[in-house]
Number of protein chains: 2
Amino acid sequence: MTKERAYFEALALKEHGQLCPDHVPEVYHFDRTMSLIGMRYLEPPHIILRIGLIAGIEYPFLAEHMSEYMTKTLFCTSLLYRTTTEHKRAVAEFCGNVELCRLTEQVVFSDPYKVSKFNRWTSPYLDRDAEAVREDNTLKLEIAELKSKFCERTQALVHGDLHTSSVMVTLDSTQVIDPEFAFYGPMGFDIGAYVGNLILAFFAQDGQADEGNDRTAYKEWILRTIEETWTLFYKKFTALWHQHKDGSGEAYHPEIYNNPELQKLVQEKYMEDLFHDTLGFGAAKMIRRIVGVVHVEDFESIKDDSKRAACERRALEVAKMLLKERRNFQDITGVVSAIRKVS
Amino acid sequence: MTKERAYFEALALKEHGQLCPDHVPEVYHFDRTMSLIGMRYLEPPHIILRIGLIAGIEYPFLAEHMSEYMTKTLFCTSLLYRTTTEHKRAVAEFCGNVELCRLTEQVVFSDPYKVSKFNRWTSPYLDRDAEAVREDNTLKLEIAELKSKFCERTQALVHGDLHTSSVMVTLDSTQVIDPEFAFYGPMGFDIGAYVGNLILAFFAQDGQADEGNDRTAYKEWILRTIEETWTLFYKKFTALWHQHKDGSGEAYHPEIYNNPELQKLVQEKYMEDLFHDTLGFGAAKMIRRIVGVVHVEDFESIKDDSKRAACERRALEVAKMLLKERRNFQDITGVVSAIRKVS
């Protein structure tokens, strides 16, 4: 990877930090020649969220904080808030982060769907499952549609890698880090990455259960967190939209769209599309963590191969179903029910 | 408008000219300081296509040539042909043409749907029709979706203003000029602009009919040209795709997509989406020419207000129907039938 990525990481930290200072660490200094970022030290007891999820720790403000972060960073860098002039200038600048976009295209949208020396999975248990992914025409058709959105749709400044290791937490602090993959892409790529990784955490719990803790209650907490994250995001995002409905965002001019009935129609359609994008991208991110090059510690920490494979297979089944049938889901409750059914 | 637009016009002429030299005039010299383009003189008997359509002249190679132009310029500047690195570099450059994009956003996607001092129409005949456009929530929902694609989808380097006055013709030559609005946008915006303007030309014929020529045969020629343009475009575009299926285009890697059944599925889906985009953008371009700021000579040349209004109303009805129901059309034959039904 090029050292230029530090430039885009610093740029995104600053941009997102202005929009959501509570959940983005402050950048004090950036030196482009040295690719050096001086930023807030996230002091103990901050830990990586993924580690907390593996340890079975409940974070009471997580859904609140993450929905806040996603709402503010995505809404305010989109044409719901920005003028075309601001938007095109920012899009052009982040086009420079092409190496990192290419990496995502490869590891998320390509490698899992073909024979690649980079792919790995819990073998021999998942050999047939990995093969099934590579031979599934419907899955490939769907992943192509999402890839096209990833490459072509400049909807908002996305973090670009918003999994649970890009979030540091304490019981009452939530800080999003590492936006080196940031670019103008589809909002659903961020929300999906985050929700998809929560679903992975959910399916890994059976592998983390021991005599002292069967993780039943914790699994319910994760499902509740998934549900609350989307529900709160929906609420906050549409509220922010309402608040700025007379603003200078290019997408919906007040003179055209400010009648209550039409506003409702417009918002419902926007949020429905975003929900389906979220499920699609979330599924894509899950699949690549099971049969692609980079895996997640949630599963990797399960030492027994057969137990890990069983957890991964259930996650993979849910992901394939979500990718193919995402348009049939009306709300997050339906998704949570579907996850529960497989577990 | 800024003089910078000449830079993007020259850039697009050169880019499209390399891809399709037969239908794009050669640029000999560009001087950025002077905003001066030295380019091929399109000698007589070249005339503006719109003038030829008003005069009732049949152009036997028009569908062949325009489908060729759109195929080559759109396919070869998309991710079906280009790598991500090439694509993002070009997208970033054309983000600079923001003033012209803003103008399109205003006159195509905004003004016709609100009270605007720039709007005009054949009054009083179309007063109620113009009002109906401004009060139609379904129409506004659809136009919002298209506007979002226009602003956010960097699918290919589009001409950006491909109406029938941007084409110069003789009986055997077809030259596309004036790409000052060029940017990375949805392919359907170009194809739709062109087809939409042919539909306008069709509906204007009743106003151009006189005792010597009732234009019945010419109307049929226009419909045949519309049908052939899309049919040939479909054929050539998918053929070019097939020819480059092992190339370095980022969208569909050969290792994933090169099985005949999947290729068929992928192409059908891509072309269906493109067809629906084409109908939607075409309809949007028609509407704005009837109730927006800039009208077309096809209708303007009809001196009798009531006769002109009758022609415009039929065109407007078809446009509204296409915008709302475009997803129900399976092929161009169905569209042509629907047009014929209204005429």
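Labelled according to an unreviewed UniProt entry, chain A appears under the name S-methyl-5-thioribose kinase, originating from Dipteronia dyeriana. Taken from UniProt, the Sequence similarities (unreviewed entry) comment for chain A reads in full: "Belongs to the methylthioribose kinase family." Its UniProt record, at the heading Subunit (unreviewed entry), says of chain A: "Homodimer."

Caption draft 1: A look at unusual backbone geometry. Residues and elements named next belong to chain A. Here the amide bond leading from Ser123 into Pro124 is cis, since omega sits at 5°, within 30 degrees of zero. Its identity is not glycine, yet Ser35 carries a phi of approximately 50°, on the positive side. In this fold, Ser35 is placed in the loop between strand 1 (27-31) and strand 2 (36-39). Given the relative accessible area of 22%, Ser35 is considered partly exposed. Look at Asp178: it is not a glycine, yet its phi comes out positive at around 60°. Considering the arrangement of structural elements, one finds Asp178 in the loop between strand 6 (174-176) and strand 7 (183-185).

Caption draft 2: Structural context of the packing of aromatic side chains. This structure, assessed with the given rule, holds 44 aromatic pairs over all chains. A centroid spacing of 5.1 Å and a plane angle of 80° characterise the contact between Tyr7 of chain A and Phe8 of chain A, whose relative ring orientation is edge-to-face. Here Tyr7 of chain A and Phe8 of chain A have matching classes, each one buried. An angle of 45° between the planes, with centres 5.2 Å apart, marks the rings of Phe109 of chain B and Phe150 of chain B as tilted. Taken as a pair, Phe109 of chain B in helix 5 (residues 98-110) and Phe150 of chain B in helix 7 (residues 137-152) lie far apart in primary sequence, 41 residues in all. Residue classification places Phe150 of chain B among the buried positions, given a relative accessible area of 1%. A connected cluster of aromatic rings, assembled from ring pairs, spans Phe75, Tyr81, Trp230, Phe233, Tyr234, Phe237, Trp241, Tyr252, Tyr257, Tyr270 and Phe275 of chain A. Over the ring of Tyr7 of chain A we find Arg32 of chain A, and its NZ or CZ is 3.6 Å from the ring centre.

Caption draft 3: Molecular detail of the relation of the copies chain B and chain A. You can overlay chain B on chain A at an RMSD of 0.0 Å; the transform is a turn of 180° with a shift of 0.0 Å along its axis. One copy is carried onto the other by what is essentially a two-fold rotation axis.

Caption draft 4: Structural detail: helix 1 (residues 5-19) of chain A. All names here are of chain A. Here helix 1 contains 15 residues, and its C-alpha end-to-end distance of 21 Å stays within 8% of the 21 Å for a straight helix at 1.5 Å per residue. Among the residues making up helix 1, those that are buried are Ala6, Tyr7, Phe8, Glu9, Ala10, Ala12, Leu13, His16 and Gly17. Contacts from the buried residues of helix 1 go to strand 1, strand 2, helix 3 (62-75), helix 4 (84-94), strand 4 (156-158) and strand 6.

Caption draft 5: The packing of helix 6 (residues 127-134) of chain B against helix 13 (residues 305-325) of chain B, seen in detail. All names here are of chain B. Packing of helix 6 against helix 13 brings their axes to within 11 Å, and their N-to-C directions diverge by 15°. As far as their axial angle goes, helix 13 and helix 6 are roughly parallel. Handedness of the crossing formed by helix 6 with helix 13: left-handed. Residue-level contacts link Asp129, Ala132 and Val133 of helix 6 to Arg313, Leu316, Glu317 and Lys320 of helix 13. Its residues assigned to classes, the contact of helix 6 with helix 13 shows 3 nonpolar, no polar and 4 charged.

Caption draft 6: Region of the structure containing the sheet that holds strand 6 of chain A. Residues and elements named next belong to chain A. Spatially, the 3 strands line up as an open sheet ordered 3-5-6, and their pairing is antiparallel. In this open sheet, the two strands that pair with only one neighbour each are strand 3 (47-48) and strand 6. Looking at chain direction, strand 5 (residues 167-169) and strand 6 are connected through 3 bridges and run antiparallel. Among the inter-strand pairings, Val167 is bridged to a residue of strand 6, identified as Val176.

Caption draft 7: Broad picture of the pairing of strand 2 of chain A. Residues and elements named next belong to chain A. Sheet topology places strand 1 next to strand 2; 4 bridges connect them, and they run antiparallel. When the bridges of strand 2 are listed, Phe30 appears paired with Ile37. Between strand 1 and strand 2, which pair antiparallel in sequence order, lie 4 residues; one of them, Ser35, sits at a positive phi of approximately 50°.

Caption draft 8: Region of the structure containing the interface of chain B and chain A. Taken together, the contacts link 43 residues of chain B with 43 residues of chain A. Counting the surface lost from both chain B and chain A, the interface buries some 3800 Å², and carbon and sulfur atoms represent 57% of this. The interface formed by chain B and chain A includes 8 salt bridges. A salt bridge links Arg153 of chain B to Glu152 of chain A, with the nearest nitrogen and oxygen atoms 2.8 Å apart. Applying the counting criterion to the chain B and chain A interface returns 18 residue pairs in polar contact (both at pLDDT 80 or more).

Caption draft 9: Expanded view of the UniProt feature "domain: Aminoglycoside phosphotransferase" (unreviewed entry) in chain A. Per the UniProt record, "domain: Aminoglycoside phosphotransferase" (unreviewed entry) is annotated on residues 100-219 of chain A. This span, residues 100-219 of chain A, is 51% helix and 10% strand, and a straight line between its end C-alpha atoms measures 33 Å.

Caption draft 10: Quick look at the pattern of salt bridges. One pass over the structure, following the stated rule, counts 62 salt bridges over all chains. Arg308 of chain A is the partner of Asp305 of chain A in a salt bridge, and the nearest nitrogen-oxygen pair spans 2.9 Å. Taken together, the positions of Asp305 of chain A and Arg308 of chain A, both in helix 13 (residues 305-325) and 3 residues apart, correspond to about one turn of that helix. Assessed through its relative accessible area of 34%, Asp305 of chain A is described here as partly exposed. The salt bridge involving Arg326 of chain B is made with Glu145 of chain B; its shortest N-O contact spans 3.8 Å. Of this pair, Arg326 of chain B sits in the loop between helix 13 and helix 14 (332-342) while Glu145 of chain B sits in helix 7, and the two are 181 residues apart along the sequence. Among the charged side chains, a salt-bridge network with shared partners connects Glu142, Glu145, Arg326 and Arg327 of chain A together with Lys269 and Asp273 of chain B.

About the thresholds
- Residues numbered from 1 in each chain as written.
- Chains lettered and ligands numbered in written order.
- Predicted model: local features only at pLDDT ≥ 70, side-chain atom pairs only at ≥ 80, totals over all residues.
- Heavy atoms only, no water.
- UniProt positions renumbered as here; feature names shortened; annotations may be inferred.
- Helix = DSSP H or I, 4+ residues; strand = E, 2+ residues; numbered from the N terminus.
- Buried < 20%, exposed > 50% of the residue type's maximum accessible area, 1.4 Å probe, protein only.
- Phe/Tyr/Trp six-rings, centres within 6.5 Å; stacked < 30°, edge-to-face > 60°.
- Lys NZ or Arg CZ within 6 Å of the ring centre and 35° of its normal.
- Least-squares fit on C-alpha atoms with pLDDT ≥ 70 in both.
- Expected span 1.5 Å × (residues − 1).
- Contact = heavy atoms within 4.5 Å.
- Axes fitted to C-alpha atoms, helices over the stretch in contact; angles between N-to-C directions.
- Parallel < 35°, antiparallel > 145°, perpendicular 65-115°, else oblique.
- Left-handed = near helix turned anticlockwise from the far one by under 90°.
- Nonpolar A, V, L, I, M, F, W, Y, C, P; charged D, E, K, R; others polar.
- Pairing = 2+ DSSP bridges.
- Buried area = accessible area lost by both parts, 1.4 Å probe.
- Salt bridge = Lys/Arg side-chain N within 4 Å of Asp/Glu carboxyl O.
- Polar contact = N/O pair within 3.5 Å; in protein donor to acceptor, adjacent residues only side chain to side chain.

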